[in-house]
Amino acid sequence: MASDTHSLERILEDNLQEKDLEEVKRILYGKKLKELEINSKALIIKEKKDFDIQSYVFEAKEEQLRPKRIVRVGLIQNKIVLPTTESLANQRDAIHSKIEGMVDAAGACGVNIVCFQEAWPMPFAFCTREKLPWCEFAESAENGPTTNFVKTLCKRHNMVIVSPILERDENDVIWNTAVVIDNHGNVLGKHRKNHIPRIGDFNESTYYMEGNTGHPVFETEFGRIAINICYGRHHPLNWMMFGINGAEIVFNPSATVGDLSEPIWGIEARCAAVANHYFTCAINRVGTEIYPSPFTSGNGLPAHNDLGHFYGSTYIAAPDGSRTPGLSRVKDGLLIAELDLNLNRQVSDIWCFKMTQRLPMYAEALTKASESDYKQQIIRSHK
């Protein structure tokens, strides 16, 4: 069941004196971020559509030889709209309609890049292991109904959108895919999820294949972006490869529940931002989704009709370790941040992680570790 707790921040604010709260937030979140004024049109949409908006600024020091490189990003977390027993077309259309309003609010705030949550146009039905009807949500990444819908939003707001969907390719192979659509409404490319979870209800190999797109970085008019889909955030080398390939912002569209991952949610994307000298954007679903047929987790416990509570808590982290507060654990939300991408290189020059990494040494060791008899060699060396 979902906790009534709105957010960690709400607990702190309700129970700490102002001076103590300021010190706790300094330790938890790094430097204090300025709040960005929210456009009045966006506030009207927010009240009408009933979602939260938070907005912050990540600043960098003024440079003498480079102008500021300002980009505004928006992250959207949302519940599904209709029960999972409704027709698939109605479910998808209702989510499209909700998201359109939230994107319009982001556009009113001057957002340049928006990222949605994992598999956003559908319930997260992979937990059920049922093929029908859920596989019907899979669609073309290039010209499916969701991509065509998103293209109109991109052109309307001169906005890049990262749209994670369930993809069905021309050979009927299914993938967990993030489609990148540029601000002119063109499909810039796509990335397929590299790592498939096989843990409890999250045994998603029933539905789709491990990705075959590597670690692409997409050059947009607003900066170089990459997408580390959900379970990939547990793999440090996955984060590292996006940095090696030149990413300045890495989005992590996810779907994860409280009992499984909440204690590590605020750590992983933030650590990746620090380790790789880029911004990270962690987006999680929110809400509890109920399915008509019960399913089991293979752990001996009774069958159940829901995966658990998706706890939201979407946030953005910077390479200097600072981060925004999280969005609500229980409510739809839009998180906006204005980033100065110059901060990436400034932090890199201070900490020198890229300069001091030992890629040839790692490559040699990883090559050996990938050999089939490597473990036996290690065992023999310790005898």
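Quick caveat: nothing in here was measured; it's all calculated off a predicted structure.

**A look at the sheet that holds strand β12 (residues 249-254)**
- Taken together, the five strands give an open sheet; going across it, the order is β10-β11-β12-β13-β16, and neighbouring strands pair in mixed fashion. Single-partner strands in this sheet number two, and they are β10 (218-220) and β16 (315-317). Between one strand and the next, the sheet's axes are offset by a mean angle of 25°, whatever the strand orientation.
- Bridge count between β12 and strand β13 (residues 279-284): six bridges; the pairing is parallel.

**Describing the pattern of salt bridges**
- Summed over the entire model, instances satisfying the criterion amount to 27 salt bridges.
- Residues Lys68 and Asp340 are paired through a salt bridge, measuring 3.5 Å at the closest nitrogen-oxygen approach. Taken together, the positions of Lys68 in the loop between β2 (52-58) and β3 (70-77) and Asp340 in strand β17 (residues 333-340) put the pair 272 residues apart, joining distant regions of the chain.
- The class for Asp340 is buried, based on a relative accessible area of 1%.
- A salt bridge links Arg224 to Glu248; the shortest N-O distance between them is 3.6 Å. Placement of the pair is Arg224 in strand β11 (residues 223-227) and Glu248 in the loop between α6 (236-244) and β12, with a sequence separation of 24 residues.
- Classification of Glu248 by relative accessible area gives buried; the value is 5%.
- Among the charged side chains, a network of salt bridges with common partners joins Glu142, Glu167, Lys190 and Arg192.

**Digging into unusual backbone geometry**
- For the bond running from Leu132 to Pro133, omega is 5°, close enough to zero to count as cis.
- Note that Pro133 resides in the loop between β4 (113-115) and α5 (145-157).
- Unlike most non-glycine residues, Asp50 shows phi in positive territory, near 60°.
- Of note, Asp50 is situated in the loop between α3 (40-49) and β2.
- Its identity as a non-glycine residue notwithstanding, Arg129 has a phi of 65°, on the positive side.

**Structural notes on the packing of aromatic side chains**
- The tally for this structure, following the rule as stated, stands at 13 aromatic pairs.
- Pairing Phe116 with Trp120 gives two aromatic rings, centres 4.6 Å apart and planes at 55°, and the pair type is tilted.
- Residue classification places Phe116 among the buried positions, given a relative accessible area of 1%.
- Given a relative accessible area of 1%, Trp120 falls into the buried group.
- Three or more aromatic residues link up through ring pairs in this structure, and these residues are Phe124, Phe126, Phe202, Tyr207, Tyr208 and Phe310.
- The ring of Trp175 has Arg192 sitting right over it, with the charged end atom 4.2 Å from the ring centre.
- In this structure, Arg323 packs its charged tip against the face of Tyr315, placed 4.1 Å from the ring centre.

Parameters and conventions
Residues numbered from 1 in each chain as written. Predicted model: local features only at pLDDT ≥ 70, side-chain atom pairs only at ≥ 80, totals over all residues. Heavy atoms only, no water. Pairing = 2+ DSSP bridges. Helix = DSSP H or I, 4+ residues; strand = E, 2+ residues; numbered from the N terminus. Axes fitted to C-alpha atoms, helices over the stretch in contact; angles between N-to-C directions. Salt bridge = Lys/Arg side-chain N within 4 Å of Asp/Glu carboxyl O. Buried < 20%, exposed > 50% of the residue type's maximum accessible area, 1.4 Å probe, protein only. Phe/Tyr/Trp six-rings, centres within 6.5 Å; stacked < 30°, edge-to-face > 60°. Lys NZ or Arg CZ within 6 Å of the ring centre and 35° of its normal.

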